[in-house]
Amino acid sequence: MILSKRLLRRTDLTLIAAAAAIVIMSLVIIGSATHVNTPSEERYWFVQRQGISILIDIALAAFLMNFDYKILQRYGNHFYVFNLILLILVMLIGQSALGAQRWIALGPISIQPSEFSKLIMIIALAAMMEKRGKIQSLSDLAPVAGYVLVPFLLVLKQPDLGTSLVFLAIFFGMVFVAGIRLRILFGIFGLGLAAMPVLWHFLKDYQKMRIMVFMDPNVDPLGAGYHIIQSKIAIGSGLLFGKGLFGGTQSQLNFLPENHTDFIFSVVGEELGFVGCAVLLLLYLIVLWRGIKIAQDASDTFGRLLAVGITSMIAFHVLVNVGMTMGIMPVTGIPLPLMSYGVSSLTTNIMAIAILLNIQLRRQKLLF
């Protein structure tokens, strides 16, 4: 089915343009970050693979925009069960890397189910909350919290603390819009802060070290603190206009680890400077602004909750990823949406943008 001309004229071109600009920028930065560290015959392998994923994801996005998003609401519980099965499969047959079991091999590629689980959780949670109506008290909140708790714990078990925290950001964003009283939210945050000393004992050693190096990277400058020290050097050395594409010493000389994934913002800072970082952050601000506007204009509660969940997810990713590269957030391994290399993350975020566009197109219950 093809979108009618009437609907196409109402497409949010501002959101599409901002997301497309980020994706194009990502290909350029990934190429700059990886071309030195790969054999000459595979110099742009990462760019080619990301580019192919983008083309496939665009086709997938077009498909997602061709049906009424309200259909997703009917299958909320099915999505939830599928999400749990996917996360349990990771525990049973998943591949391990860097001390975590997060990937499932599908032939030549590996997918990270926890990335897809965030969007699936948003859909399932929005459907569940729409049925329950306004959430104003603790008794209203408890079932919703329990609904999120199970996938949260499964992701935390991998272990993937960063992604599990994204679940919390989505949860709080959606219950806030659902009408929860602010004093209840503040009370939950207060209890969370009070429980920090207890929760500390349940963290793994590497997670404790990440928090310690966040406070002082020089605690382990050649180990856990190395990433953040090199990242701050890279961003700081870019000054106003940067060293130019393919000219960043920290990235090109391989001092900056994970420069095409978790620390891609550091490459932007080093090679494009403050101006490049400001442009990228402005593009994200536009995406978030359009997400909030789409939530405000949604024609139904389910669409509003979907838009808020997606916007909360993207906002949390940007805040934490950019913050950790500058040393104002602990290193958690959260990718930068639409920028970091990674098929699972890219697909999840393009699908999320497509759902936002779907909600925007049907905000006045237009028909095909």
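From a predicted model like this one, the values you see are computed outputs, not experimental measurements. (Residues numbered from 1 in each chain as written. Predicted model: local features only at pLDDT ≥ 70, side-chain atom pairs only at ≥ 80, totals over all residues. Heavy atoms only, no water.)

1. Quick notes on helix H5 (residues 76-93)
And then number 1: Spanning 18 residues, H5 covers 26 Å between terminal C-alpha atoms, matching the ideal 26 Å at 1.5 Å per step.
And then number 2: All of the buried residues along H5 are Gly76, Tyr80, Asn83, Leu84, Leu86, Leu87 and Val90. Seen along its axis, H5 keeps its buried residues to an arc of 155 degrees; they face one direction. Among the exposed residues of H5, those oriented more than 90 degrees off its buried face are His78, Leu92 and Ile93. (Helix = DSSP H or I, 4+ residues; strand = E, 2+ residues; numbered from the N terminus. Expected span 1.5 Å × (residues − 1). Buried < 20%, exposed > 50% of the residue type's maximum accessible area, 1.4 Å probe, protein only. Arc of directions from axis to C-beta.)

2. Focus on the nonpolar core
And then number 1: Formed by 96 residues in total, the largest nonpolar core has its most connected members in Met129, Leu280, Leu306, Leu336 and Met339.
And then number 2: Among the elements that line this core, the one with the most residues is helix H15 (residues 301-325), at 13 residues.
And then number 3: One finds Val90, Ile104, Phe116 and Ile120 within the second-largest nonpolar core, a separate group that totals five residues. (Core = buried A, V, L, I, M, F, W, Y, C linked by side-chain atoms within 4.5 Å.)

3. A short note on the packing of aromatic side chains
And then number 1: Per the counting criterion, the structure on display carries seven aromatic pairs.
And then number 2: Between Tyr80 and Tyr147 the ring centres are 4.0 Å apart and the planes differ by 15 degrees, which places this aromatic pair in the stacked class. Placement of Tyr80 in helix H5 and of Tyr147 in helix H7 (residues 138-156) is noted, with a sequence separation of 67 residues between them.
And then number 3: Pairing Phe172 with Phe189 gives two aromatic rings, centres 4.9 Å apart and planes at 35 degrees, and the pair type is tilted. Residue Phe172 is located in helix H8 (residues 161-177), and its partner Phe189 is located in helix H9 (residues 182-194); the two are separated by 17 residues in the primary sequence.
And then number 4: Given a relative accessible area of 17%, Phe172 falls into the buried group.
And then number 5: Assessed through its relative accessible area of 43%, Phe189 is described here as partly exposed.
And then number 6: Members of the aromatic cluster, each reached through a chain of ring pairs, are Trp45, Phe46 and Tyr341. (Phe/Tyr/Trp six-rings, centres within 6.5 Å; stacked < 30°, edge-to-face > 60°.)

4. A short note on a nonpolar patch on the surface
And then number 1: On the surface, Val81, Ile85, Ile88, Leu89, Met91, Leu92 and Ile93 cluster together into a nonpolar patch covering about 630 Å² of accessible area.
And then number 2: Within the secondary structure, Ile93 sits in helix H5.
And then number 3: The exposure class assigned to Ile93 is exposed, which follows from its relative accessible area of 54%. (Patch = residues over 30% accessible without salt bridge, like charges linked within 9 Å, V, L, I, M, F, W, Y side chains within 5 Å. Areas by Shrake-Rupley, 256 points an atom, 1.4 Å probe, with all protein chains shown as cover. Salt bridge = Lys/Arg side-chain N within 4 Å of Asp/Glu carboxyl O.)

5. Describing the packing of H8 against H15
And then number 1: Across the interface, H8 lies against H15 with an axial gap of 8 Å and an inter-helix angle of 140 degrees. Comparing their axes, H15 and H8 come out oblique. Where H8 crosses over H15, the handedness of that crossing is right-handed. Side by side, H8 and H15 meet where Gly162, Leu165, Val166, Ala169, Ile170, Gly173, Met174 and Val177 of the first sit next to Arg304, Leu305, Val308, Gly309, Ser312, Met313, Phe316 and His317 of the second.
And then number 2: Broken down by class, the residue content of the contact of H8 with H15 amounts to 10 nonpolar, five polar and one charged. (Axes fitted to C-alpha atoms, helices over the stretch in contact; angles between N-to-C directions. Parallel < 35°, antiparallel > 145°, perpendicular 65-115°, else oblique. Left-handed = near helix turned anticlockwise from the far one by under 90°. Contact = heavy atoms within 4.5 Å. Nonpolar A, V, L, I, M, F, W, Y, C, P; charged D, E, K, R; others polar.)

6. Overview of the pattern of salt bridges
And then number 1: All told, the structure shown has five salt bridges when counted by the stated rule.
And then number 2: Between Asp12 and Arg290 there is a salt bridge, with the nearest N and O atoms lying 2.7 Å from each other. Taken together, the positions of Asp12 in the loop between helix H1 (5-8) and helix H2 (13-34) and Arg290 in helix H14 (residues 264-297) put the pair 278 residues apart, joining distant regions of the chain. Each of the two residues, Asp12 as well as Arg290, counts as buried.
And then number 3: Linking Lys118 and Glu115 is a salt bridge whose minimum nitrogen-to-oxygen distance equals 2.8 Å. Note that Lys118 and Glu115 are positioned in helix H6 (residues 113-132) at a spacing of three residues, about one turn of the helix. In this pair, the class of Lys118 matches that of Glu115, namely buried.

7. Here's the deal with the environment of Gln136
And then number 1: The topology assignment puts Gln136 in the loop between H6 and H7.
And then number 2: Residue classification places Gln136 among the partly exposed residues on the basis of a relative accessible area of 33%.
And then number 3: Between the alpha carbons of Gln136 and Leu182 there is a distance of 9.3 Å; along the sequence they are 46 residues apart.
And then number 4: Leaving out residues up to four positions away in the same chain, Gln136 has contacts with Gly179, Ile180, Arg181 and Ile184.

8. Describing the environment of Ala19
And then number 1: With respect to the helices and strands, Ala19 occurs in helix H2.
And then number 2: For Ala19, a relative accessible area of 10% puts it in the buried group.
And then number 3: For Ala19 and Leu283, which are 264 residues apart along the polypeptide, the C-alpha to C-alpha distance reads 7.4 Å.
And then number 4: Excluding anything up to four places from it in sequence, Ala19 contacts Val287, Leu338 and Ile353.

9. Focus on the packing of H8 against H9
And then number 1: Following both chains from N to C, one finds H8 and H9 inclined at 160 degrees, their axes separated by 10 Å at the closest point. Here H8 lies roughly antiparallel to H9, going by the angle between them. The hand of the H8/H9 crossing is right-handed. Along its contact with H8, which presents Phe172, Val175 and Phe176, the element H9 presents Leu182, Leu185, Ile188 and Phe189.

It is worth stressing that arrangement in space is one thing and function is another; only the former is reported here.
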